[in-house]
Amino acid sequence: MAKSPITCHVLDVSLGKPATGVEVNIQKLHKGPANVDVFDPFGHGVTDSDGRCTTLLPPRGSEEAKVKGTDLTAGIYKLAFKPASYFERTGRKCFYPWVEIPFEIENPDEHYHIPLLISPYSFTTYRGS
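- Under an unreviewed UniProt entry, the name given to the protein is Transthyretin, and the organism recorded is Hygrophoropsis aurantiaca.

Next up, the structure:
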């Protein structure tokens with residue numbers, strides 16, 4: 001099955017388990033009025049039982065991607081994760097209700113995988129494969 005050209009994986013390192021049900025939004029940068037940086041919504045998903053989100057965007061080149069205008073182009077994007085509700089569901093508070101990870105796409109034909117490691121009071125990320 002074809003998947004989104006941008007995927008992510010959220011792991012709760014404080015429990016050593018996938019973070020299920022974390023909302024993820026992808027946004028794309030453009031210049032707004034007065035040349036101000038603005039990120040616009042571009043796609044949305046929620047992590048599955050394995051902490052993965054492979055449905056942020058329709059598969060590259062698909063009819064759905066053409067209709068929605070979501071085929072990737074070079075530019076700056078960001079993933080915005082909302083871990084607060086995940087931690088609430090697991091009976092914990094968190095310090096970071098949003099985690100935003102900006103990144104640059106130079107080659108729109110490549111696959112981009114962005115893992116996020118979270119705990120109630122920290123997070124880290126890296127470019128995955």
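1. Details of the overall build of the protein
- Helix and strand counts for the protein come out as two helices and nine strands.
- Reading the secondary structure of the protein in the N-to-C direction produces β-β-β-β-β-α-β-α-β-β-β.
- Scaling as 2.2 N^0.38, a compact globule of 129 residues should have a C-alpha radius of gyration of about 14 Å, and the protein matches this with 15 Å.
- In terms of its C-alpha atoms, the protein occupies a principal-axis envelope of roughly 40 × 40 × 20 Å.
- When burial is assessed residue by residue, the protein has 40% of its 129 residues classed as buried.
- Counting only contacts in the protein whose residues sit at least 6 apart along the sequence, the fraction spanning at least 24 positions is 59%.
- For the protein, the computed accessible surface area is about 7200 Å², with 56% contributed by carbon and sulfur atoms.
- With 14 positive and 15 negative side-chain charges, the protein shows a spacing of 5 Å between the two charge centroids.

2. A word on the nonpolar core
- With 25 residues, the main nonpolar core has I6, I26, L56, L79, F81 and F103 as its most contacted residues.
- Every element with two or more residues in this core is listed here: β1 (6–12), β3 (23–31), β6 (75–82), α2 (84–89), β7 (99–105) and β8 (112–119).

3. Quick look at the sheet that holds β7
- If you trace the four strands from one edge of the open sheet to the other, you get β4-β3-β6-β7, paired in antiparallel fashion. Whereas interior strands pair on both sides, the edge strands pair on one side only; in this sheet they are β4 (37–46) and β7. Put simply, the sheet's adjacent strands are angled 25° from each other on average, direction ignored.

Reading the values: the criteria
Residues numbered from 1 in each chain as written. Predicted model: local features only at pLDDT ≥ 70, side-chain atom pairs only at ≥ 80, totals over all residues. Heavy atoms only, no water. Helix = DSSP H or I, 4+ residues; strand = E, 2+ residues; numbered from the N terminus. Rg over C-alpha atoms; globule rule 2.2 N^0.38 Å. Buried < 20%, exposed > 50% of the residue type's maximum accessible area, 1.4 Å probe, protein only. Contact = heavy atoms within 4.5 Å. Areas by Shrake-Rupley, 256 points an atom, 1.4 Å probe, with all protein chains shown as cover. Lys, Arg positive; Asp, Glu negative; His and termini not counted. Charge placed at Lys NZ, Arg CZ, Asp CG, Glu CD. Core = buried A, V, L, I, M, F, W, Y, C linked by side-chain atoms within 4.5 Å. Pairing = 2+ DSSP bridges. Axes fitted to C-alpha atoms, helices over the stretch in contact; angles between N-to-C directions.

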